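Results of the structural survey
Okay, here's what each chain looks like letter by letter:
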Amino acid sequence: MDDVTAAAEALRMASTAVALTGAGISAPSGVPPFRGEEGIWNEYDPDAFHARRVRRDPGGFWEDWLDLRADLFDAEVAPNPAHHALADLSDAGRLDAVVTQNIDGLHQEAAGSVAGSDDIESADLATDAGADEVVELHGNGRRAVCRDCGRTVSAEEPRERARAGELPPRCESCDGVLEPDAVLFGERLPADALARAERLAEDSEAFLVAGSSLTVEPAASLPTRAARGGATLLVVDLKPTPVDSRADYVFREDVTDALPALRDAVLE
Ligand SMILES: [Zn+2]
């Protein structure tokens, strides 16, 4: 049995299968990573995106955020075959959840449930159970959230208002300052998403890491948590990761090759 067949078998047999994804899964869609040599933070000042800045200078923050966002997500950004492979596995009931460090919303778009529609209930965001569950460890830049009342809305409309000169854009319910619903520097990860991710890792029988360098906590410790609980650990990454030595299967391949191959083997 080759590795793809054996790894596919592990995914098929698992009563709970979970994927963890990072910047590497969106890179083939043209979304640059935040960290590393090619990272966004070499070009932009991280202090400009600190939570402090939103309080001190929300208008300036929004101007810089629009610039950053234009770099991160140009109009052509769309899910790639790796996102679609995971969405197909979810649809087929072979993948229970995707835990992601990304804020680009591409998993949700691939699954056909585009986050960012108006008036999303925040309770649905991280705890939505079901085949298409996406746990957002760092939030989702396609949404904006009101600092005062916590209302979440599609980010598109406040962005347009900001571009038209409303700096900062304000909440239509309470006039509070809106900010991107993404984890900023100086902010903690959303506790419910983190707790959900940890629970999923512990419960998983197969845990697949795709495109995450596993250098940032707490994502870095999720695979170890899963492996300690007895999960079969699968890693797909062009570069070595800190858990390769613990992994049952390591595919040193591009995510857009390895994940569709894995999907085809699971679903055949
Ligand atoms: Zn509000």
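Residues numbered from 1 in each chain as written. Predicted model: local features only at pLDDT ≥ 70, side-chain atom pairs only at ≥ 80, totals over all residues. Heavy atoms only, no water.

What to know about the domain arrangement of the protein
In terms of domain boundaries, the protein breaks down into domain 1 (1-31 + 78-111 + 119-138 + 189-268) and domain 2 (32-72 + 141-182). One C-alpha centre belongs to domain 1, the other to domain 2, and the line joining them spans 27 Å. Each partner contributes residues to the interface: domain 1 has 15 residues there, and domain 2 has 15 residues. Carbon and sulfur atoms supply 48% of the area buried between domain 1 and domain 2, which totals about 1,200 Å² over both sides. Across the domain 1-domain 2 interface, the total number found is 2 salt bridges. A salt bridge links E136 to R143; the shortest N-O distance between them is 2.8 Å. (Domains from an automatic or database assignment. Contact = heavy atoms within 4.5 Å. Buried area = accessible area lost by both parts, 1.4 Å probe. Salt bridge = Lys/Arg side-chain N within 4 Å of Asp/Glu carboxyl O.)

Brief notes about the coordination of the zinc ion
The protein atoms that coordinate the zinc ion are C146 (SG), C149 (SG), C171 (SG) and C174 (SG), at distances of 2.3 to 2.4 Å. Geometry at the zinc ion is tetrahedral, judged from its 4 donor atoms and the angles of 98 to 118 degrees they form at the metal. (Donors = N, O, S within 2.8 Å, 3.2 Å for Na, K, Ca; no water. Tetrahedral: all angles 85-135°; square planar, octahedral: opposite > 155°, others 65-115°.)

So, helix α1 (residues 3-13)
Among the residues of α1, A6, A7, A8, A10 and L11 are the ones counted as buried. Its buried side turned inward, α1 meets β1 (17-21), β7 (206-210), β8 (232-236), β9 (249-251) and α11 (255-267). If you check the start of α1, you find a side-chain oxygen 3.3 Å away from the backbone N of V4, and it comes from D2. (Buried < 20%, exposed > 50% of the residue type's maximum accessible area, 1.4 Å probe, protein only. Helix = DSSP H or I, 4+ residues; strand = E, 2+ residues; numbered from the N terminus. Polar contact = N/O pair within 3.5 Å; in protein donor to acceptor, adjacent residues only side chain to side chain.)

Quick word on helix α8 (residues 156-163)
Along α8, the positions that sit buried rather than exposed are P158, R159, R161 and A162. Looking straight down α8, one finds its buried side chains confined to an arc of 160 degrees; they lie on one side. Seen from the buried face of α8, the exposed residues on the opposite side, beyond 90 degrees, are E156 and R163. Immediately downstream of α8, the backbone of G165 shows phi near 110 degrees, a positive value. (Arc of directions from axis to C-beta.)

Some points on the nonpolar core
In this structure, L86, L208, L234, V236, L259 and L262 are the most contacted members of the largest nonpolar core, which totals 27 residues. Looking at this core, the elements that each hand over two or more residues are α1, β1, α5 (81-91), β7, β8, β9 and α11. Looking at which element gives the most residues to this core, the answer is α11, with 6 residues. In this structure, L262 is in contact with V4, A7, A8, L11, L208 and L234, ignoring residues within four places of it in sequence. Counting 24 residues, the second largest nonpolar core, distinct from the first, contains W41, W62, L106 and C171. (Core = buried A, V, L, I, M, F, W, Y, C linked by side-chain atoms within 4.5 Å.)

Re the packing of aromatic side chains
Counted by the stated rule, this structure contains 7 aromatic pairs. Both rings, one in Y44 and one in F49, keep their centres 6.2 Å apart while their planes meet at 70 degrees; by these two values the pair is edge-to-face. A residue is classified by how much of its surface remains accessible, and Y44, at 17% relative accessible area, is buried. With a centroid separation of 6.1 Å and 70 degrees between ring planes, the pair formed by F49 and F61 is classed as edge-to-face. Within this pair, whereas F49 is found in the loop between α2 (23-26) and α3 (51-56), its partner F61 is found in helix α4 (residues 58-72), the two being separated by 12 residues in sequence. (Phe/Tyr/Trp six-rings, centres within 6.5 Å; stacked < 30°, edge-to-face > 60°.)

Focus: the sheet that holds strand β4 (residues 139-146)
Read across the sheet, 3 strands follow the order β5-β4-β6 without closing on themselves; strand pairing throughout is antiparallel. At either end of the open sheet lies a strand with only one pairing partner, and these are β5 (152-154) and β6 (178-182). In this sheet, adjacent strand axes meet at a mean angle of 45 degrees when their direction is disregarded. Summarising the sheet, β4 and β6 pair through 4 bridges and their orientation is antiparallel. Following the sheet pairing, V145 is matched in β6 by E179. Along the sheet, α8 makes contact with β4, β5 and β6, crossing β5 at roughly 75 degrees. (Pairing = 2+ DSSP bridges. Axes fitted to C-alpha atoms, helices over the stretch in contact; angles between N-to-C directions.)

Some words on the pairing of β1
Within β1, 5 of the 5 residues are buried, which leaves the element mostly enclosed by the surrounding structure. Judged by which residues are buried, β1 turns out to be covered on both faces: A17, A19 and T21 on one side and V18 and L20 on the other are all buried. Across 4 bridges, the pairing between β1 and strand β2 (residues 97-100) is parallel. In the strand pairing of β2, V18 is matched with A97.

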